[in-house]
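In case you want the letters, here they are:
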Amino acid sequence: MKKILIVLVVIFIANLGCKKANVGGEILCACTVAGGPTLSLVIKNSTDVDLLSPATAGYFGKNQIQLYSKEANNVIRQISFDIRPPFTYGDNLKVNYYQLISSQITLLSKSIDNTFYLKLVDGKLYELNLKVNNNVIEKLFIDKTEAPREIQTSNNSYLDGIYRLKI
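Reference entry: report on the structure contained in this document. (Residues numbered from 1 in each chain as written. Predicted model: local features only at pLDDT ≥ 70, side-chain atom pairs only at ≥ 80, totals over all residues. Heavy atoms only, no water.)

Here six strands make up an open sheet; going across it, the order is E5-E4-E10-E11-E12-E13 and the pairing antiparallel. Edge positions in the sheet fall to strand E5 (76-78) and strand E13 (145-146), since each of these pairs with one other strand and no more. As defined by bridge partners, strand E12 (residues 136-142) adjoins E13 across two bridges and the pair is classed as antiparallel. Paired with phenylalanine 141 across the strands is glutamate 146, a residue of E13. (Pairing = 2+ DSSP bridges. Helix = DSSP H or I, 4+ residues; strand = E, 2+ residues; numbered from the N terminus.)

So this is what it looks like as structure tokens:
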């Protein structure tokens, strides 16, 4: 009887400690660390070829890309990022392109002047500006021009936040 009572108490405590919440269309457990907004950028050439894909001749690997900000005294501060492979979301939505993703840039956009730089191995430098509101990236500006979204219609805030850079 004691064993059954102990098992029931453990189940009861686990149930209390892990309440679920619907956050942005996703069910999260209370013990899940909720991340902030993430910048996701697809880089394509003029013919829509994915320039982050290792299958593309002359692609940009992670070591050929710099993402950084400049502090007031012109000190360069590197911003961490990763290259995310294509993925499928749900049953009918597939993102066919590799993406440069960074959650650190969105955290920094709240604390500094909101100007960042993306430098590719070919020497081209792009100025990035983010408009973040209520933990959502509302707009991305590349060289003072609003960047288009890769996926135009979506009911998911993550997919709405995938932007495109054509070079």
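That shown, we press on.
With that settled, consider the nonpolar core. If you look at the biggest cluster of nonpolar residues, it comprises 25 residues, and the most contacted ones within it are Leu41, Leu118 and Leu140. Among the secondary structure elements, those contributing two or more residues to this core are strand E3 (39-44), strand E4 (65-70), helix H2 (104-108), strand E10 (115-120), strand E11 (125-133), E12 and strand E14 (162-166). Look past the residues within four positions of leucine 140 in its chain and what remains in contact with it is Leu39, Leu41, Leu128, Asn129, Leu130, Thr145, Glu146, Ala147 and Tyr163. (Core = buried A, V, L, I, M, F, W, Y, C linked by side-chain atoms within 4.5 Å. Buried < 20%, exposed > 50% of the residue type's maximum accessible area, 1.4 Å probe, protein only. Contact = heavy atoms within 4.5 Å.)

Once that is clear, we can look at the pattern of salt bridges. Taken as a whole, this structure holds six salt bridges when the rule is applied. We note a salt bridge from glutamate 150 to lysine 44, for which the minimum N-O separation is 2.8 Å. In this pair, glutamate 150 sits in the loop between E13 and helix H3 (157-160) while lysine 44 sits in strand E3, placing the two residues 106 residues apart along the sequence. With relative accessibility at 14%, the residue glutamate 150 sits in the buried group. Residue class for lysine 44 comes out buried when judged on its relative accessible area of 3%. Of the charged contacts, one joins arginine 164 and glutamate 150 as a salt bridge, the two residues approaching to 2.9 Å between their closest N and O atoms. Note that arginine 164 is positioned in strand E14 and glutamate 150 in the loop between E13 and H3, a separation of 14 residues in sequence. Both residues of the pair, arginine 164 and glutamate 150, belong to the buried class. A single salt-bridge network, built from bridges that share partners, covers Lys44, Glu150 and Arg164. (Salt bridge = Lys/Arg side-chain N within 4 Å of Asp/Glu carboxyl O.)

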